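Inside the fold
Residue-level listing of the chains:
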Amino acid sequence: MSHDESAVGPDGDDLVAETASLLETFGLTSYEAKCFVALVRIGHGTAREIAEVADVPRPRVYDSVESLADRGLADVQDAQPRRFRAPDPRDAVETIRREYGQRLDRLEGLLPRLQSPEPRDERAGVWVVEGDDAVSDRLAALAGDAGDELLVVVAVESLLTDEVRDALAEADERGVEITVGSPSPDVRDAVADAAPGASVVETWTWWDTHPIRAGEISSILMADGRELIVSSDLETDLPGVDRHSAVWTDDERAPLVGLMQPLLAEAIRSGSPAHESA
């Protein structure tokens, strides 16, 4: 049985390609990633063996594996011919994790030092995010900022991701007053489970039907009367495929905040308690 047959199964080519591609995102060159994957597959070997498995020119194997060794991702045996050994996969992952953790720690220390001690005045701004993941991430982030009050309406189940539910649960634990309205029983049940202290109501203020039609508001969240996001469900040029787009602000001076605050509060609080509409 060859090295290639013993290391991977029927989907081996895809597995090898995906692993090498992922390693490149952590700063390895294409040759280094291919050599590392080959070395993990065969455990240990000579430059000729690594070159055959990795499909890398043999002269490039030496400098690639030496670079891997410098990063703690390969062992080199001073023999004739030279032999190379892969670390345990879990140890390799921890090595990469530690390296990038150190870099992130360093970046965390550097970035604040770049800020001006006297920040420029900034006009009240409204920003745009595109895509379901980006909208959900922003919902979760604003919910995570809340210290006193959260007013939320959500009509689309896909926007209520695990991250959004976790943010609502944590806000509930912090003692934030949470009021959530939705025409969707699934959304209301999920919120009630995640944040037992929240007031959950059925509301149809912005919606004529559920599921909602493309172009309608899909979610609104206001945190502490100053941070706001409003998303809508938009049609794409692909049949049957919609995506969410949102405007948001973290500046209470933005006119959108003053406009939406009384409307949102009235719309949600005029809804029927969830247990009455079940």
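Reading the values: rules and limits
- Residues numbered from 1 in each chain as written.
- Predicted model: local features only at pLDDT ≥ 70, side-chain atom pairs only at ≥ 80, totals over all residues.
- Heavy atoms only, no water.
- Helix = DSSP H or I, 4+ residues; strand = E, 2+ residues; numbered from the N terminus.
- Buried < 20%, exposed > 50% of the residue type's maximum accessible area, 1.4 Å probe, protein only.
- Pairing = 2+ DSSP bridges.
- Axes fitted to C-alpha atoms, helices over the stretch in contact; angles between N-to-C directions.
- Contact = heavy atoms within 4.5 Å.
- Expected span 1.5 Å × (residues − 1).
- Polar contact = N/O pair within 3.5 Å; in protein donor to acceptor, adjacent residues only side chain to side chain.
- Parallel < 35°, antiparallel > 145°, perpendicular 65-115°, else oblique.
- Nonpolar A, V, L, I, M, F, W, Y, C, P; charged D, E, K, R; others polar.

- Per an unreviewed UniProt entry, the chain goes by the name Transcriptional regulator, TrmB and belongs to Halosimplex carlsbadense 2-9-1.

Observations concerning unusual backbone geometry
- Cis geometry marks the peptide bond from glutamine 80 to proline 81; its omega dihedral reads 0°.
- For proline 81, the position within the fold is in the loop between β2 (75-77) and β3 (83-85).
- Positive phi, normally seen in glycine, also occurs at aspartate 224, with a value near 55°.
- Within the secondary structure, aspartate 224 sits in the loop between β8 (217-223) and β9 (227-235).
- Note on aspartate 224: relative accessible area 23%, which makes it partly exposed.

Let's talk about the sheet that holds β3
- Read across the sheet, three strands follow the order β1-β3-β2 without closing on themselves; strand pairing throughout is antiparallel. Two strands lie at the open edges of the sheet, namely β1 (44-46) and β2, each paired on one side alone. Here the average twist between neighbouring strands, direction ignored, is 25°.
- Each of β1 and β3 is contacted by helix α4 (residues 47-54), which is oriented at about 105° to β1, the strand it contacts most.

What to know about helix α6 (residues 89-114)
- The first and last C-alpha atoms of α6 sit 38 Å apart over 26 residues, in line with the 38 Å expected at 1.5 Å per residue.
- Among all positions in α6, only Ala92, Thr95, Ile96 and Glu99 are buried.
- If you follow the buried residues of α6, they end up packed against α2 (12-24) and α3 (30-42).
- N-cap assignment for α6: the residue whose side-chain oxygen lies 2.8 Å from the backbone N of arginine 90 is aspartate 88.

Some remarks on the packing of α3 against α4
- Interhelical geometry of α3 versus α4 gives an angle of 105° and a closest axis separation of 9 Å. By the angle class used here, α3 and α4 are roughly perpendicular. Contacts between α3 and α4 involve Lys34, Cys35, Ala38, Leu39, Arg41 and Ile42 from the first element and Glu49, Ile50, Val53 and Ala54 from the second.
- Its residues placed into classes, the contact of α3 with α4 shows seven nonpolar, no polar and three charged.

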